Amino acid sequence: MLLRYQPGESFLHRLDPRTKLLALIAMSAVALLFSSLPVLLLAFLFETVLAIVSGLGKRFFRALTLIFPLLILVIVLDSIFNKVSSGQVWFSANIGFLHPEITTEGILFAIAMGLRLLTLVGISFLFIMTTAPDDFVRSLRNMRVPSVLTFSLGYALHSTTALAEDTRQIMDAQRSRGLELDRGNIIKNRNKLTALFLPVTVSVLKRSKNTADAMQARGFRQGVPHSSYRSQVPGNRDILMGAVLFSFIVLLVLLDWLLI
Amino acid sequence: MSGRRITALRHVSLAISAGECTVVSGPSGSGKSTLARCLNGLIPHATRGTMEGDAIIAGMNTRDHDVPDFAGHVGMVFQDPACQMVTGDVESEIAFGLEIRNLPEQEIREGLDRAIRLLHIGHLAGRTIHELSWGERQRVAIASVLAVRPQILVMDEPFSGIDASGAQSLVSLLAELKEVRNTTIIVFEHRTGFLRHLADRWIVMQEGAIVSDEKPDPAGSCPDLMDLPGKAGSRAPSSRFSDSVHPGETGTDIPSVSFRDVVYRYPGARAPALSGISLAFRPGEITILYGANGSGKTTLLKHCNGLLAPDSGSILLAKKPLSRMTVAEAAGTVGLLNQHADYQLFEGTIADEIAFGPGNLGKNRKEIREIVERIRSLCSLNHIDPSTPPLGLSGGEKQRVALAGILAMETPVVALDEPTFGLDPGLKSSLGNLLRTLCSSGKTVIVATHDEEFAERYGDRFIRIASGRIVEEYRKPSPSRSRQDQSPDCTTTPGGESPGDS
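Residues numbered from 1 in each chain as written. Chains lettered and ligands numbered in written order. Predicted model: local features only at pLDDT ≥ 70, side-chain atom pairs only at ≥ 80, totals over all residues. Heavy atoms only, no water.

A. Spatial organisation of the overall build of chain B. Looking only at helices and strands, one finds 15 helices and 18 strands in chain B. For chain B, buried positions account for 57% of its 502 residues. Of the contacts made within chain B by residues no fewer than 6 positions apart, 69% connect residues no fewer than 24 positions apart. With the model as given, the accessible surface of chain B reaches about 20300 Å², and the carbon-plus-sulfur share is 50%. (Helix = DSSP H or I, 4+ residues; strand = E, 2+ residues; numbered from the N terminus. Buried < 20%, exposed > 50% of the residue type's maximum accessible area, 1.4 Å probe, protein only. Contact = heavy atoms within 4.5 Å. Areas by Shrake-Rupley, 256 points an atom, 1.4 Å probe, with all protein chains shown as cover.)

Listed below in C-alpha cells is the structure:
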C-alpha cells in the first residue's frame, strides 16, 4: 500500500499531530482560497520540500501518481470548459449548450487548478504518511474529543489495513481454487464477485465481533474518559513549524496581492 | 449457540483455587471455548444463547457484573491474536487496558514497561501491529492482558499457532507468572504436551461435560509433543508406517514442482523472505516444511501456484514454467489450501462449495457431480447433508469443507499451509490418514506446519527453513529404506537440494 503511515524519525514525524492538523487545515485553505498559478505552484513546492526533508520524497511522488487520472481529467476539462478565457484562442466551438474553447489563459488556469488539486491532496498525503493513526487519535483525546469518537476513529483508521490483509488472503484463496482474477472482467461475472465479496463481509463481521469482545474483556466502557500513556506537549519543533507556516502564508498573500 | 439450538455446556461444576494452573483439553467442539467465555462474563453478556446456573469469578457473579467489571481480575487471551488487537501499534495496544482505567501517565508508563520486560518484546515497541508475525502478535496480546496485572489468566489455545521455540518461551512465562505472581492460570489447549510440567490439574471435556479432572501423573501420561523431528536416529522406525507408500515407489523421476534458486523479497521489506531456494517435490511423498514463525514457509508455498512470483530464479510445474501461467491456470496442477482456509467459504451449500474449484477448471456438470460425491466420502463429510450452508458449520467442519474444495480440483500436487490449526487429535489423525491416502495414490503432498507431532507421524521428508533458506533436509527412515537413508544423519545443504534426494 502506497498511502499509509510510514514510520520514521524525521522532522515531520516528530511534530505534534495537532501541529500537523493545523498545517493540514492551513495548506488546504491556501489551496482553496488562492487561484493564481505562481501561488499554487509555490504552495505545492513547499509541500514537496517538506516531503523531501522527511525522507519521503520518492514515496510522496509515487503516492501522488494515485490521483494522476483525476489530475489529467481536471486539467483537460478545465482547459476546455473554463471560466477564465483570454489571450490567444487556439480552439473554439459551439456544441449545443456547450462552449468548448482553448486559450492560453485557460490552459494556465487549468494548470493552476491541477496544482490546487495536488496541493490539497499532497498535504493530506503528507499528514497520513507521517502521523501514526494512534498518535493522531491520542492528540484528539488530549483536545477533549469524547473517547467513543476518538476510539472509533482510531479503530476505523487501522482496521483498513486489517481489511486489506483479509481481502488479499481471500483473493489468494479463491485464486488458488482456480478463480481467474488475472484475466478477463471481474465485474461481468457475478460469481467472481460473490466469491470475494461474501467471504470479505463474513470476515469483517467476525472481526468486529471479536474486537468488541476483546475490548470488553479488557475493560472498555462507553462514555468513560481515557487517559493517555504519552501526553503530547508541543515543543520547539512545533513552534518552528508554526512560524515557518505562518511566514509562508504571509508570503503567499503578499505575492497574490502583488500579482493582482 | 445461535441458529441451531445446541447445548454447548452440560452441568459443568468446577472450582479452581487461586494460584492453580489448570489445563482444559478435549476435542474440537467439546465446549472449551464456551467455558472460557463463561470465565469473564462474555457469556451471558456478549453471546447469544441462554445460560443456566452461576459462575462466580473472583468473588463476583457473572450474572450481576458486566464483562468490563472482570477486566481487572481476569486477563483473557483469545485464540487468534489478530482479532483481539484494538489499536494500531504495539505500545498503544499494551497501554490500552491501563488508559481506559484513566490512570495517570506515569503509572501507565510503568505498567507498559513492566509488561514489555516480562514478555521480552522490547524490540517490538514502536512497531505497528500489522507488520508483526502471528507469534509476535500473540506476545503483544499477552503483554497487553498482563499489563493490568490480573490475578487470573485465561488462554484459549495459545499453542496452536506458534512454533516449538515460541511454545517453550510461553511455557517459561507461564511458569514465571505462577511462581512469582501466583497467578491463577487456566489454559484451554489441544497440544497439552507443552504444559506437562506446569499443570496442577488436567481437565478433559467432551460434548460439553467434564469427563475427567485429575492431578497430573508425574510419569507423564500425555504424549510429549516437544520431541522435535530433529535427529533421524532418535526416531525409531515404527510399524505404523509399514503400510504406507514409500518415496520413489509410485513416483517418477520428474519432480512435480521444482524451485531453482528462487529469491523473493516482499515489497518494502529489508531482508528477502526467500533467498536462493532450490528444491524439488516429487509424487508419492509427503514433504513437511517446518521452521519458526516467519521463516518463509508460507511464502514458499505461495510460490508453488504463482500467488507470489519470484524476483529471480524459476519454478517449474512438471516441465512447464510457472511464470507463463496465471494463478487460476496453475490451480489445475497445484491445489493450495491457505492458512485459516475457512475464510474462503461463500457458497450456499457444501456441495456447491466443493464444486466451485472443479467448475473453475472447466469440468462439466456430470463430472462435477461425481467429484463431489467422491470427495465427500474421501473427506468424511458424508454424515453432513450436502445442502447444509458451510458458513453454519463448526470450525473443524469448515476446515474440512475448505480442504474438500481444494481436493475436488484433483490436482497432482496438494499443498497445505498449517492444516492442523485448531484441530483436535482425532481430526488431526483423520487428516493425516487422508494425506497418506492421497500420497499413495501418487500425489505430491506438501505441508507447511509447526505441529511437530503431526509432522513426525505423517511426513516422509522434512525440510527446515530459517530466514528464507533451507537449513536442514532429511527423510524419515522407513523400514524398507532405513539403511540407505539413515547413514547421513541429515544432509545440511544451505540453499541447496541434498544430492541423494531422488
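B. Structural view of the overall build of chain A. Regarding its fold elements, chain A presents ten helices and two strands. In chain A, the succession of helices and strands from N to C terminus is α-α-α-α-α-β-β-α-α-α-α-α. Based on the C-alpha atoms only, the size of chain A along its principal axes is roughly 70 × 55 × 35 Å. Within chain A, the fraction of its 260 residues that count as buried is 45%. Once local pairs closer than 6 in sequence are excluded, the contacts in chain A between residues at least 24 apart make up 71%. Approximately 13600 Å² of chain A is accessible, and the part contributed by carbon and sulfur atoms is 70%.

C. Representation of the side chain of Gln174 of chain A within the structure. The topology assignment puts Gln174 of chain A in helix H8 (residues 147-176). Given the relative accessible area of 0%, Gln174 of chain A is considered buried. If we skip the residues at most four places from it in the chain, Gln174 of chain A touches Leu179, Ala195, Leu196 and Pro199 of chain A together with Gln344, Phe346 and Phe356 of chain B.

D. Molecular detail of the domain arrangement of chain A. Each assigned domain of chain A is listed with its residue range as follows: domain 1 (1-131 + 231-260) and domain 2 (146-229). For domain 1 of chain A and domain 2 of chain A, the distance between their C-alpha centroids amounts to 32 Å. (Domains from an automatic or database assignment.)

E. Broad picture of the interface of chain B and chain A. Taken together, the contact between chain B and chain A spans 64 residues of the former and 53 residues of the latter. Linking chain B with chain A are eight salt bridges. The salt bridge involving Glu99 of chain B is made with Arg141 of chain A; its shortest N-O contact spans 3.4 Å. Those elements that place two or more of their residues in the side of chain B that touches chain A are helix H3 (67-70), helix H4 (90-99), helix H5 (105-119), helix H6 (134-146), helix H9 (327-330), strand E14 (334-337), helix H10 (350-360) and helix H12 (395-407) of chain B. It is H4 of chain B that contributes the most residues to the side of chain B that touches chain A, eight residues altogether. Across the side of chain B that touches chain A, the residue classes break down as 31 nonpolar, 17 polar and 16 charged. (Salt bridge = Lys/Arg side-chain N within 4 Å of Asp/Glu carboxyl O. Nonpolar A, V, L, I, M, F, W, Y, C, P; charged D, E, K, R; others polar.)

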